[in-house]
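# Breakdown of the fold
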Amino acid sequence: MGIRVQIEVSGLMRLLHQLNTAFTGLILVVMTITAIVLYSLVMDIFIMDEKRQLEMRAELLVDILNDPDRLLQSPEVSSLIQDQNYPLLLFDKSTGELLFHTLPEEAASDWVERYEEELAGSDTWDSGYGQYVVSDHELRGDQVLVMATPIGDLAAIQMNFVWRIMLIFVLGLLLAAVVSYLFTRKLVTPLERLKQEVKKIEKRKFNEVQPVQATGEIKEVDQSVRQMAGELERYIRTQQQFFQNASHELKTPLMSIQGYAEGIRDGVFEGEKRDRGLTVMVEEIDRLKKIVNEMILLAKLDSNEDIYRPEDLKLSEWTGRAADRLLPLAEEKNIEVDVHIEGDGFISADPERFLQALMNIGRNGVRHASSRLLITVERNGDFLIRIQDDGEGIGEEVMPHLFERFQKGKDGETGLGLAISRAIIERSGGTISAYNLEDSGAVFEIRLPVSG
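Residues numbered from 1 in each chain as written. Predicted model: local features only at pLDDT ≥ 70, side-chain atom pairs only at ≥ 80, totals over all residues. Heavy atoms only, no water.

## Observations regarding the overall build of the chain
This is how the line gets drawn: Think of it this way: any DSSP run of H or I at least four residues long counts as a helix, any run of E at least two long counts as a strand, and we number them from the N terminus. Think of it in three bands: with a 1.4 Å probe and only protein chains considered, a residue is buried below 20% of the maximum accessible area for its type, exposed above 50%, and partly exposed in between. Contact between two residues is taken to exist if any of their heavy atoms lie within 4.5 Å; hydrogens are not considered. Calculation of accessible area relied on Shrake-Rupley with a 1.4 Å probe; when residues are assessed, cover is drawn exclusively from the protein chains displayed.
From N to C terminus, the chain includes 10 helices and 12 strands. Here the chain holds 452 residues, and 38% of them are scored as buried. Excluding contacts between residues fewer than 6 apart, the proportion of contacts in the chain whose partners are at least 24 apart in sequence is 63%. Total accessible area on the chain stands at roughly 26,900 Å², and carbon and sulfur atoms take up 53% of it.

In structure tokens form, the structure reads like this:
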């Protein structure tokens, strides 16, 4: 018992671990992709923002500088340069003359030489002395003002931003893992309880099956499991009762056959008694054959064997055939058989089996009728067939088990006829029921869908 509990707990923990790992892994992949995208986007945003600021400062300088000689004389310009500490270059494009620069001499000359080919109009530039965000503006004449910001400064800001984002991601991942654990545990615990209830069904402890506290689909599965347990319990109980009844029904004729056979063998029965014994033996053998054949038919109807071959049958025709076959038994018992067709059409059923179902119910009605058996067919959406007798009705003790196997009423034969009829009607897509009339007699109702 301890080993089983340990295995079940291990299975629960393994499932929890798998779900948490999958959920956390999914979040990690999403966050990684997001971080990579953000990393590249952040730099683009910083470059765009820095480009915008450079353009604003360049416009300010352009407004101030009417003459390049005023670059060093303007206190506002000097303050701007000193405070912002941005690389700045002013040169004459036509002559290549450097008018002012805050770059090293060699770098400033390189910028002027490569301006037309690489620098003009670009957002970023790799000058060979570093990468820069640049903004260039043409002044009066051929003078050009270039302002720049080292990308390295932006990269430092970018890394600071990325580290903060990573911290947020890590905290979010931890929080998601905790939420995932709580959520999956809430999901897995009802599943584990449900597995325990299924184990009870496996051990046929149907009375111990308890509902599982759950919601959504798990609750629906739990309801289905409990319904299955009820159906299995009923089926097993029915099978046990069936075998008990079957053994009893088979034992009685076998004992009669054995008794007469031994008596004839030992010379106990001679002459007329021996002939009567042989007659009884033949009758009991016929009865055994009938019981066995009906048991086999029921088993085949309950299984998926291809013995039921439905066709389109005209209901009035086959109801009439059943009535015709009942006439010999009805005349023998002085019973009148009437058929009333109030609505006709086609049903889908196996001809031979459907006729057998009507005959079983009809013979039952003739045996219990006082003077009349009425068969009516109505059509109101589906078909309704009523087989009504004017006898004493069905006993209250028999009614709940009327369509079960080996449930014989008064003057019953094998106790399988009505069970076979129910199986055939259900295979035809219909239902069958029975009730007693208030004054006298029993009524069997068969409901069948219209074919097509």
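## What about the pattern of salt bridges?
Quick reminder of the rule: In what follows, salt bridge is the name for a side-chain nitrogen of Lys or Arg lying within 4 Å of a carboxyl oxygen of Asp or Glu.
With the rule as written, the count across this model stands at 7 salt bridges. One salt bridge in this structure joins Arg386 and Glu445, with 3.0 Å as the shortest N-O distance. Of this pair, Arg386 sits in strand S10 (residues 382–389) while Glu445 is found in strand S12 (residues 442–448), placing the two residues 59 residues apart along the sequence. A relative accessible area of 11% means that Glu445 is categorised as buried.

## Structural notes on the packing of aromatic side chains
Quick reminder of the rule: Any two of the Phe, Tyr and Trp rings considered here, Trp counted by its six-membered ring, make a pair once their centres fall within 6.5 Å; the pair's planes then place it as stacked at under 30 degrees, edge-to-face at over 60, or tilted in between. The rule for a charge over a ring is simple: NZ of Lys or CZ of Arg within 6 Å of the ring centre, and within 35 degrees of the ring normal.
This model, assessed by the stated rule, comprises 0 aromatic pairs. Note that Arg321 overlies the ring of Trp318, its terminal NZ or CZ placed 4.0 Å from the centroid.

## Here's the deal with the environment of Glu231
Take Glu231: it is sitting in helix H6 (residues 216–265). For Glu231 and Phe206, which are 25 residues apart along the polypeptide, the C-alpha to C-alpha distance reads 9.8 Å.

## Considering a nonpolar patch on the surface
How we decide: Without a salt bridge and with relative accessible area above 30%, a residue can belong to a patch; like charges are then joined within 9 Å and nonpolar side chains (Val, Leu, Ile, Met, Phe, Trp, Tyr) within 5 Å.
The grouping of Val29, Ile33, Val37, Leu41 and Ile45 at the surface amounts to a nonpolar patch, some 440 Å² of accessible area in total. Relative to the helices and strands, Val37 is located in helix H1 (residues 2–64). Val37 gets classed as partly exposed once you look at its relative accessible area, which sits at 40%.

## Some remarks on the sheet that holds S12
Selection criterion: Here a strand pair is declared whenever DSSP counts at least two bridges between the two strands. Angles here are taken between N-to-C directions and fall from 0 to 180 degrees, while the axes themselves are lines fitted to C-alpha atoms, restricted in helices to the stretch in contact.
Strand order across the open sheet formed by 5 strands is S7-S9-S10-S12-S11, with mixed pairing between neighbours. Both edges of this open sheet fall to strand S7 (336–341) and strand S11 (431–436), since each of them pairs with a single strand only. With strand direction ignored, the average angle separating the axes of adjacent strands in the sheet is 15°. As paired strands, S7 and strand S9 (residues 372–380) are joined by 6 bridges and run parallel to one another.

## What to know about the side chain of Asp350
Keep this limit in mind: The positive count covers Lys and Arg only, the negative count covers Asp and Glu only, and His and the chain ends enter neither. Contacts described as polar in this section are N or O atom pairs within 3.5 Å, which, within protein, must combine one atom able to donate a hydrogen with one able to accept it, while residues neighboring in sequence count only if both atoms come from side chains.
Relative to the helices and strands, Asp350 resides in the loop between strand S8 (346–349) and helix H9 (351–368). It turns out Asp350 is buried and unbridged, and the closest side chain with the opposite charge, Arg353, is 4.8 Å from it. Looking at Asp350, its side chain comes within polar contact range of the main-chain nitrogen of Arg353, at 3.2 Å. With residues near it in sequence (within four places) discarded, Asp350 still touches Ile307, Tyr308, Arg309, Pro310, Glu311 and Leu313.

## As for the sheet that holds strand S1 (residues 88–92)
Within a sheet, neighbouring strands are paired by backbone hydrogen bonds and run either parallel or antiparallel to one another. One open sheet accounts for 5 strands, arranged S2-S1-S5-S4-S3; its pairing is antiparallel. Whereas interior strands pair on both sides, the edge strands pair on one side only; in this sheet they are strand S2 (98–101) and strand S3 (124–126). Across the sheet, the axes of successive neighbouring strands diverge by a mean angle of 30°, strand direction being ignored. Here S1 pairs with strand S5 (residues 143–150) via 5 bridges, running antiparallel. Across the sheet, residue Phe91 finds its bridge partner in S5, namely Val144.

## Considerations on the packing of H9 against helix H10 (residues 417–427)
To keep it simple, the criterion reads: Angles below 35 degrees are treated as roughly parallel, those above 145 as roughly antiparallel, those between 65 and 115 as roughly perpendicular, and all remaining angles as oblique. We call a crossing left-handed when the near helix sits turned anticlockwise from the far one by less than a right angle, and right-handed when that turn is clockwise. Nonpolar residues are Ala, Val, Leu, Ile, Met, Phe, Trp, Tyr, Cys and Pro. Charged residues are Asp, Glu, Lys and Arg, and all others, Gly as well, are polar.
Two elements in contact, H9 and H10, have axes whose closest approach is 9 Å; the angle formed by their N-to-C orientations is 140°. As summarised for this structure, H9 and H10 are arranged oblique, according to the angle between their axes. Between H9 and H10 lies a crossing of left-handed hand. Residue-level inspection shows Arg353, Phe354, Gln356, Ala357, Asn360 and Ile361 of H9 in contact with H10, the latter providing Gly417, Leu418, Ile420, Ser421, Ile424 and Ile425. By residue class, the composition of the contact of H9 with H10 is 7 nonpolar, 4 polar and 1 charged.

## Some details on the nonpolar core
Selection criterion: In plain words, nonpolar cores are sets of buried Ala, Val, Leu, Ile, Met, Phe, Trp, Tyr and Cys residues tied together by side-chain atoms within 4.5 Å.
Counting residues in hydrophobic clusters, the biggest one holds 48 residues, and the most contacted among them are Leu301, Ile347, Phe354, Ile385, Ile387, Phe444 and Ile446. Per-element tally for this core: the top contributor is H9, with 7 residues. Leave out the neighbours within four places in its chain, and Phe444 touches Ile361, Asn364, Ile385, Arg386, Ile387, Ile394, Leu402, Phe403, Leu418, Ser433 and Ala434. Counting residues in each nonpolar core, the second largest holds 15 residues, with Leu103, Val112, Tyr115 and Leu119 among its members.

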